Amino acid sequence: MSAVVAAADARRSRVRLFIVTMLFLVTTVNYADRATLSIAGPALSKELNLDPIAMGYVFSAFGWSYVIAQVPGGWLLDRFGSRWVYALSIMIWSLFTVMQGWIGFFGGGAAIGMLFALRFLVGFAEAPSFPANARIVAAWFPGNERGTASAFFNSGQYFATVIFAPLMGWIAHDFGWRYVFYVMGALGMVMGLIWIKTMYGPKDHPAINEAEFDYIKQGGALVDLDGPKDARATDSGPKWNYIAQLLSNRMMLGVYIGQYCINTLTYFFLTWFPVYLVKERGLSILQAGFVATLPALCGVIGGVLGGVISDAILQRTKSLTLARKITIVGGMLLSMVIIGCNYVDTQALVIGFMALAFFGKGIGALGWAVVSDTSPKEAGGVSGGLFNTFGNLSSITTPIIIGYILAATGSFNGALVFVGANALMAAVAYLVIVGKIERVRLKTA
């Protein structure tokens, strides 16, 4: 019997591995584009005379629109499918990234206003990205592989720093901050073209064979999630009362609160972390770009390891609740070591604590796996959009709150306590509010 199973496995194609690799690469470019301002920030803020509070609001511009557009972006995904909505998203956010390099040709308030507006538009354009990732994982992966798949694409947010922080730091140092936006925007446009050429649903992909299709379908993959447009009923779009049903679900509320707290660590890293290294620890922007790679690399390792651990627990215990909660709570508690940076002076220890904190954050960042596990088929995009709305409220509050802390204290000590406290609250949300983790059933009548 085992020989027969092994033979069947050998005949099965592995297209889903290419799909999740594409999600990883697009997510890497996505987060690199989000981080352009943090790398360009020290030189840009000096040129435009921005104080910490003003810089905090500019950092938050992305978050305002990103949050506003989450649910509409999810609706578009459910209505029109992931492939083309995502493709347009990539191309548009890349164009707005390029345009941020132009603000240097303006002065004073006009430059600041244009920078805020362009970051705001980038947020709008990027809104469908993570709900689309969750939908694609739900369509392509059986339940016992979703934790690893989701953790893998989510680790792109850390890998973006590993690859692009040194590159952007070098570009800013040698060519000027404007070229950071030009290069990263152009790279995003190339990625958008590759996406259009290579991404399909399970029923349409030319390389998938019947053995793999049957395997993922029997394992719970929602292979019909993006059916052909002409096969859909005219009223097949998601219903807006689904939002009220999701918000009234205690499990989902706990997941939403947890994601908000988890993302506080993400947005500290994407906005103020390079500034922390330059202003608080005395590094040059070039040095900061290279130093940031170690915590980011630990985030990549932790992210992939978290998915592997969670799926291994699921295989052993058959309990989705235990598999996700143990990993998320453990990772978030480990992330609290970021507060330890306040009590050490040497750069090596600071980077060591940061690396350990982001390793823990990577392990615990399984929220998108939970979304793939729990989202109802008829509203996967809306569910992911709502989840990302709550999670990315932190993209607004984190940079602004830290800006005010810096203005009031002149130090990052309070900022790191704020970030560590949010890691603790994420663990509490999963322990206290989230009960059993299971797929939500909506009333469709």
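Residue positions are given per chain, counting from 1 as you read along its sequence in written order. Two thresholds apply to this predicted model, a pLDDT of at least 70 for residue-level local features and 80 or more for giving and counting side-chain atom pairs, whereas whole-chain, interface and lining totals are computed over all residues. Each side-chain value is derived from all of the structure's non-hydrogen atoms; neither hydrogens nor water enter the calculation.

Describing the packing of helix H3 (residues 52-68) against helix H13 (residues 250-280)
Now for step 1: An axis is simply a line fitted to the C-alpha atoms; with a helix, the fit covers only the stretch in contact. Between two such axes, the angle follows the N-to-C directions and lies from 0 to 180 degrees. Going along the chain from the N terminus, every DSSP run of H or I of four or more residues is numbered as a helix, and every run of E of two or more is numbered as a strand. Two elements in contact, H3 and H13, have axes whose closest approach is 11 Å; the angle formed by their N-to-C orientations is 155 degrees. On the basis of their axis angle, the class for H3 and H13 is roughly antiparallel. Viewed along their axes, H3 and H13 form a crossing whose handedness is right-handed. Touching Pro52, Met55, Gly56, Phe59, Phe62 and Tyr66 of H3 are Tyr267, Thr271, Trp272 and Val275, all from H13.
Now for step 2: Under the grouping applied here, Gly and all other residues not named as nonpolar or charged are polar, the nonpolar ones being Ala, Val, Leu, Ile, Met, Phe, Trp, Tyr, Cys and Pro and the charged ones Asp, Glu, Lys and Arg. Its residues placed into classes, the contact of H3 with H13 shows 8 nonpolar, 2 polar and no charged. Roughly parallel means an angle under 35 degrees; roughly antiparallel means over 145; roughly perpendicular covers 65 to 115; every other angle is labelled oblique. Here is the rule for handedness: rotate from the far helix to the near one, and if that takes an anticlockwise turn smaller than a right angle the crossing is left-handed, while a clockwise turn gives right-handed. Here a residue-residue contact requires only that any non-hydrogen atoms of the pair lie within 4.5 Å.

Digging into the state of the cysteines
Now for step 1: The disulfide definition used here is simple: a pair of cysteine sulfur atoms within 2.5 Å. Counted under the stated rule, the structure contains 0 disulfides.
Now for step 2: Cysteine Cys261 remains unbridged, with the sulfur of Cys341 as its closest cysteine sulfur at 20 Å.
Now for step 3: Exposure classes here rest on a 1.4 Å probe applied to the protein chains alone. A residue is buried below 20% of its type maximum, exposed above 50%, and partly exposed in between. Assessed through its relative accessible area of 5%, Cys261 is described here as buried.
Now for step 4: Cysteine Cys341 is unpaired, with the sulfur of Cys298 as its nearest cysteine sulfur at 13 Å.

Description of the confidence of the model for the protein
Now for step 1: Per residue, pLDDT measures the predictor's confidence, with a range of 0 to 100. Averaged over every residue, the pLDDT of the protein is 82; residues scoring 70 or more account for 91%.
Now for step 2: Mean pLDDT per element in the protein: helix H1 (residues 2-11) is the minimum at 50, and helix H21 (residues 413-433) is the maximum at 94.
Now for step 3: This model gives residues 1-8 a pLDDT under 50, and the stretch forms 0 contacts once residues within four places in sequence are excluded.
Now for step 4: When the criterion is pLDDT under 50, residues 229-235 qualifies, and its contacts beyond four places in sequence or with other chains add up to 8 contacts.

Some points on the pattern of salt bridges
Now for step 1: A pairing counts as a salt bridge when a side-chain nitrogen of Lys or Arg comes within 4 Å of a carboxyl oxygen of Asp or Glu. Counting across every chain of the model gives 5 salt bridges.
Now for step 2: Residue Glu212 is joined to Arg16 by a salt bridge in which the shortest nitrogen-to-oxygen separation is 2.9 Å. Here Glu212, found in helix H11 (residues 210-218), pairs with Arg16, found in helix H2 (residues 15-48); they are 196 residues apart in sequence, far enough to count as distant. One exposure class covers both Glu212 and Arg16, and it is buried.
Now for step 3: With its nearest N and O atoms 3.9 Å apart, the salt bridge here joins Lys436 to Glu438.
Now for step 4: Several salt bridges share partner residues, and in doing so they unite Arg16, Glu145 and Glu212 into one network.

A word on the nonpolar core
Now for step 1: Of all hydrophobic cores here, the largest spans 130 residues; its most connected members are Trp195 and Phe268.
Now for step 2: Of the residues forming this core, the biggest block, 17 residues, is contributed by H13.
Now for step 3: Aside from chain neighbours lying at most four places away, what touches Phe268 is Phe273, Ile338, Met354, Phe358, Thr398, Ile402, Phe412, Leu416 and Val419. Throughout this description, the term nonpolar core refers to a set of buried Ala, Val, Leu, Ile, Met, Phe, Trp, Tyr and Cys residues connected via side-chain atoms within 4.5 Å.

Some remarks on the packing of H13 against helix H18 (residues 367-374)
Now for step 1: Two elements in contact, H13 and H18, have axes whose closest approach is 11 Å; the angle formed by their N-to-C orientations is 160 degrees. Compared by their axis directions, H13 and H18 come out roughly antiparallel. At the point where H13 passes H18, the crossing takes the left-handed sense. Of H18, the residues touching H13 (which contributes Met251, Met252, Val255 and Gln259) are Gly367, Trp368, Val370 and Thr374.

Quick look at helix H15 (residues 293-317)
Now for step 1: With 25 residues, H15 extends 36 Å from end C-alpha to end C-alpha; this agrees with the ideal 36 Å at 1.5 Å per step.
Now for step 2: Positive phi shows up at Lys318, right after H15, with a value of about 60 degrees. Expected helix span is computed as 1.5 Å times (number of residues minus one).

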